[in-house]
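# Per-entry structural report
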Amino acid sequence: MSKQRIIVVGNGMVGHKFIDDVVKSEKADQYEVITFSEEPRLAYDRVKLSSYFSGSSVDDLMLTSEEAYQSNGVVYTLSDKVVEIDHDAQTVTTASGRVEGYDKLILATGSYPFVPPIPGKDQPHCLVYRTIEDLEAITESAKQSKTGVVVGGGLLGLEAANALQNLGLDTHVIEFAPRLMAVQLDEGGGNLLRRKIEAMGVSVHTEKNTQQIVAGDECRYRMEFADGSHLDTDMIVFSAGIRPQDEIARNNGIDIGERGGIVIDNFCRTSVEDIYAIGECALWDSKIFGLVAPGYQMAKVALSHIQGGDEQFTGADMSTKLKLLGVDVASIGDAHARTPGAQTYTYEDGVKEVYKRMIVSEDGKKLLGAVLVGEAEAYGTLQQICVNNMDLPADPEQMILPQVEGGASVGMGVDALPDTAQLCSCLDVSKGDIVEAVQGGCTDMGGIKSCTGATTGCGGCTALVKQVMDNELENLGIEVKNDICEHFAYSRVELADIIRVKKIETFDELLQSHGTGLGCEICKPAIGSILASYWNEYVLSDNLVGLQDTNDIYLGNMQKDGTYSVVPRVAGGEITPDKLIVLGEVAKEYDLYTKITGGQRIDLFGAQLHQLPEIWRKLVDAGFETGHAYGKSLRTVKSCVGNTWCRYGVQDSVGMAIALEDRYKGLRSPHKIKFAVSGCTRECAEAQSKDIGVIATENGWNLYVCGNGGMRPRHGDLFATDLDDETLVKYIDRVLMFYIRTADRLQRTSVWLENLEGGLDYLRDVVINDKLNLGQELEDEMTHNIGKYQCEWKTTIESPEKLKRFSHFINAAEPDSSLAYVAERGQKRPAREEERKNQIPAVELAQ
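A brief structural summary.

Criteria and cut-off values
- Residues numbered from 1 in each chain as written.
- Predicted model: local features only at pLDDT ≥ 70, side-chain atom pairs only at ≥ 80, totals over all residues.
- Heavy atoms only, no water.
- Helix = DSSP H or I, 4+ residues; strand = E, 2+ residues; numbered from the N terminus.
- Buried < 20%, exposed > 50% of the residue type's maximum accessible area, 1.4 Å probe, protein only.
- Contact = heavy atoms within 4.5 Å.
- Lys, Arg positive; Asp, Glu negative; His and termini not counted.
- Charge placed at Lys NZ, Arg CZ, Asp CG, Glu CD.
- Pairing = 2+ DSSP bridges.
- Phe/Tyr/Trp six-rings, centres within 6.5 Å; stacked < 30°, edge-to-face > 60°.
- Lys NZ or Arg CZ within 6 Å of the ring centre and 35° of its normal.
- Expected span 1.5 Å × (residues − 1).
- Axes fitted to C-alpha atoms, helices over the stretch in contact; angles between N-to-C directions.
- Parallel < 35°, antiparallel > 145°, perpendicular 65-115°, else oblique.
- Salt bridge = Lys/Arg side-chain N within 4 Å of Asp/Glu carboxyl O.
- 1 Å grid on protein atoms, 1.4 Å probe; cavity = no way out; pocket = protein on both sides within 12 Å on 5 of 7 lines; lining within 4 Å.
- Points joined across faces, edges and corners; volume = space filled by probe spheres on them.
- Nonpolar A, V, L, I, M, F, W, Y, C, P; charged D, E, K, R; others polar.
- Polar contact = N/O pair within 3.5 Å; in protein donor to acceptor, adjacent residues only side chain to side chain.
- Disulfide = S-S within 2.5 Å.

Next up on the list: the overall build of the protein chain. Summing up its helical and strand segments, the protein chain has 26 helices and 38 strands in all. Projecting the C-alpha coordinates of the protein chain onto the three principal axes gives extents of approximately 90 × 70 × 65 Å. Burial status across the protein chain gives 54% buried among its 847 residues. Excluding contacts between residues fewer than 6 apart, the proportion of contacts in the protein chain whose partners are at least 24 apart in sequence is 61%. Taking the average place of the 84 positive charges on the side chains of the protein chain and the average place of its 126 negative ones, the gap between the two points comes to 4 Å.

Let us now look at the environment of Gly572. Tracing the backbone shows Gly572 in the loop between strand S29 (564–566) and helix H17 (577–589). Counting along the chain gives 66 residues from Gly572 to Lys638, while the straight-line C-alpha distance between them is 5.3 Å.

Once that is clear, we can look at the pairing of strand S35 (residues 700–705). Taken across its six residues, S35 has six buried, putting it largely inside the fold. The pairing of strand S34 (residues 692–697) with S35 spans six bridges and is antiparallel. For Thr697, the partnering residue across the bridge sits in S35 and is Gly700. Pairing of S35 with strand S36 (residues 717–723) involves four bridges; the strand directions are antiparallel. Residue pairing in the sheet places Val705 in a bridge with Asp717 of S36.

When you line up the elements, Leu167 lands in the loop between helix H5 (155–166) and strand S11 (170–175). In this structure the C-alpha to C-alpha distance between Leu167 and Cys424, which are 257 residues apart in sequence, comes to 32 Å. Sequence-distant contacts of Leu167, that is, excluding residues within four places in its chain, are made with Phe53, Ile138, Thr139, Ala142 and Thr681.

A complete count under the given rule lists 16 aromatic pairs for this structure. Aromatic ring contacts, followed pair by pair, group Tyr554, Tyr564, Trp616, Trp793 and Phe806 into a single cluster. One Lys or Arg, Lys579, reaches over the ring of Phe624 and ends 5.1 Å from the middle of that ring. The cationic tip of Lys828 hangs over the ring face of Tyr821; the distance from NZ or CZ to the ring centre is 4.2 Å.

It is worth spelling out helix H8 (residues 292–306) at this point. Because an α-helix completes one turn every 3.6 residues, residues spaced three or four positions apart along the sequence face the same direction. An ideal rise of 1.5 Å per residue puts 21 Å on 15 residues; H8 measures up with 21 Å between its terminal C-alpha atoms. In terms of residue burial, H8 counts as a mostly covered element, since twelve of its 15 residues are buried. Those residues of H8 that fall on the buried side of the exposure criterion are Val292, Ala293, Pro294, Gly295, Tyr296, Met298, Ala299, Val301, Ala302, Leu303, Ser304 and Ile306. Buried positions along H8 lie against strand S1 (4–9), helix H1 (13–24), strand S2 (31–36), strand S7 (104–107), strand S19 (275–277) and strand S20 (282–283). Just past H8, the residue Gly308 takes up positive phi, approximately 90°.

A separate point is the packing of helix H13 (residues 492–502) against helix H20 (residues 725–742). For the pair H13 and H20, interaxial distance at closest approach is 7 Å and the crossing angle is 110°. With respect to H20, the element H13 is oriented roughly perpendicular. In this structure, H13 contributes Arg492, Val493, Ala496 and Arg500 to the contact, and H20 contributes Tyr739, Ile740, Arg741 and Thr742.

Bringing the pattern of salt bridges into the picture now. As enumerated under the stated definition, the model contains 44 salt bridges in all. A salt bridge links Arg194 to Glu198; the shortest N-O distance between them is 3.4 Å. You can see Arg194 and its partner Glu198 sitting in helix H6 (residues 187–199), four residues apart, about one turn around the helix. For Arg222, the salt bridge is made with Asp232, and the minimal N-O distance between the two is 2.8 Å. Highlighted residues: Arg222 in strand S14 (residues 221–225) and Asp232 in strand S15 (residues 230–233), separated in sequence by ten residues. Given the relative accessible area of 18%, Arg222 is considered buried.

With that settled, the discussion passes to empty space enclosed by the protein. On inspection of all chains with the given rule, the structure shows three cavities of 30 Å³ or more. A volume near 50 Å³ is recorded for the largest cavity. The wall of the largest cavity is formed by Leu555, Gly556, Asn557, Ser565, Val566, Val567, Trp616, Thr626, Ala629, Tyr630 and Trp793. When grouped by side-chain class, the residues that make up the lining of the largest cavity number seven nonpolar, four polar and no charged.

This part covers the environment of His305. Assignment of secondary structure puts His305 in helix H8. Between the alpha carbons of His305 and Trp645 there is a distance of 64 Å; along the sequence they are 340 residues apart. Setting aside residues no more than four positions away along its own chain, His305 makes contact with Phe267, Arg269 and Tyr276. A polar side-chain atom of His305 sits 2.8 Å from a polar atom in the side chain of Tyr276.

A few words on the sheet that holds strand S24 (residues 354–360). Taken in spatial order, the five strands of this open sheet run S21-S22-S25-S24-S23, and their pairing is antiparallel. One side of each edge strand has no neighbouring strand; the edge strands of this open sheet are strand S21 (320–324) and strand S23 (343–349). Across the sheet, the axes of successive neighbouring strands diverge by a mean angle of 10°, strand direction being ignored. Of the strands in this sheet, S21, strand S22 (327–333), S24 and strand S25 (367–373) are in contact with helix H9 (residues 379–387), which crosses S25 at around 160°.

Okay, the state of the cysteines next. Following the criterion strictly, the structure yields zero disulfides and no others. Cys268 takes part in no disulfide bond, and the closest cysteine sulfur to it belongs to Cys281, at a distance of 9.9 Å. Of the residues examined, Cys268 reaches a relative accessible area of 0% and is grouped as buried. Looking at the unpaired Cys640, the closest cysteine sulfur is the one in Cys684, lying at 5.9 Å. A relative accessible area of 17% places Cys640 in the buried class.

Purely geometric stuff here, so don't read any function into it on its own.
So this is what it looks like as structure tokens:
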């Protein structure tokens, strides 16, 4: 049987989702899929475009790859536009002249940015915010600009403003309406959002109608407004809304709406047989849906109809929750109370800068909509009540009021949700899907993500999905506990509080007073880390020895062949020629594989256990200290050369990096910690991908927190701006000690922040506003920790008793003779198993 040929015009997020649904369907082998993209690359995540300016690469944004399409038999063409459709012959023709026949045609052409007809809008440095090419153009323009203006104060406009601020520009937002996000927010919510954004350094100008763009006096351009005022700027980014990309339909006899958009029915069919439209180009019931979730739903419906199903598109929930310039914002349903008879509950806290409004039906039983600004924890509950038309609880106003300490929460339990309730709108995952996954063996969020895809889109459903997962585990009789292990009926956070408050200094003391049994490989390292974090004793002291894993026991990272790496500290990446020579001499003497790391240090690999004290004695004598590469502690502080050498540098990034590394070296923590300091906003040290990132400005330092690289990269959040040296160090002290107090076992700072109730705003309250009155206490704890620092290797080589542990065999002094190496690129590496079997000669080892 010949395959049915489906052509997908457009390879954005929605077009790709349709293709992905096809190749994952049970009938995938019945279809031949061809797609055309106007852009020079395949589908990428437009929702996360702004992350490009905080360090994400184009590869990070990609939703697929050419290899993935090839492996699934998807034929793709890039940088070519479909311009003609022959309905009778069922063919499409591209701008390059290529002609392809189809059985079914999917129009997923998306939208284009609306640029108001302002004289002067077409000049250089007048840009839009839509594609990766647009981002690249904005980045280049920013290098030649000091001031940037975004025209448009909606969702995308504020995302663009965030991008300009990340690029170091003096940023302004121009909005025609009287408030920001006029579509989603009421007056109270819009006003608070404006205050919070302006407090972060972005100037907001509402009710501004730009008349023309002319040459400026102090900047490149001057924007002249209808009210007679003006604003000078070097760059202008238009983000004033979108328009459906319906040109292909308009020019080829397919029905178009009065104001644009390809008209579709409930099955996503256009007015022409065998042609469908999905996503932002499609007009359903005179509505264009500008979010990705409705587009994904349309893709599912169109494929269902092609395969003979009866699924229909009957509209979509346009509720949204996001963080704009660090501010939590959420809008649900009828946010403007336009429903006849609607009543409202409003809560506003001017001190904490929180605004919440609920819109309920005339009889008070149904939730019609809500607005949340500054704190949006209630979003998941309110959105589900609204979408599923559920009855409100008694005293519904309690759902937006702060919970009284010790009082019961007001709202609905997840048990009340129907199985059909859609928890993840991005990937169309229902409560029933989560329940089924748990019943199938998924008992943690990692399993839920892999099995259902929930939370892997925008991430806004994470809290609710976890509640459903935990609830179902309890329904199955599986106890949901946060105990660290069977020996301690406490979480890591609770144990940290017990140790700190009761000043417990040994594992045995804690076990006797608060635990049972003998301990295990889970609780021992965790408690050892807590003890070290607070009291900073020598890691091989009698109080701590035996609690650590292999790396801490031998003060080195064990490698795949049983040897160890030697990593001396190179603070800030700065090293003298004499010290470089010492490292070279040691590496040569002991035949160690040598590599420069991403953290600007030098790793020496292949040291046998008995060689470690010998090597470290030479290094300590030369002035080196342990680099703590083996511990859950501060690893490195990466830096660029800053204003010492670089012509763009505005501060001494190397000096600051060395000062920070010297201050926090040896600090033990729930997970490893990495810093970086950049001397200007060009960000050569990649500070925004670190747990603590510091970026120089002309007025001081910008502080970023809780980023990380690795398997699950996360860019740090901007925490505070233009700090002097003293304030910068104070804030870092407080953030790190609060993290040590409250994080879970082996929890990176990024995950800690994501799980911290109240998120970044709460952390700012604790650290900057001293909400908990802990500031001085946290600083004192850090001062105590710093005062107890010692180089663990220096202490070790001075102790004959401790040196006894550095021997391969208890009753003999011989080294490990089973090691085998091969030469590669002028250095040795461990022989692979097949090389051992084939008896490839080993490199002679230095003894």
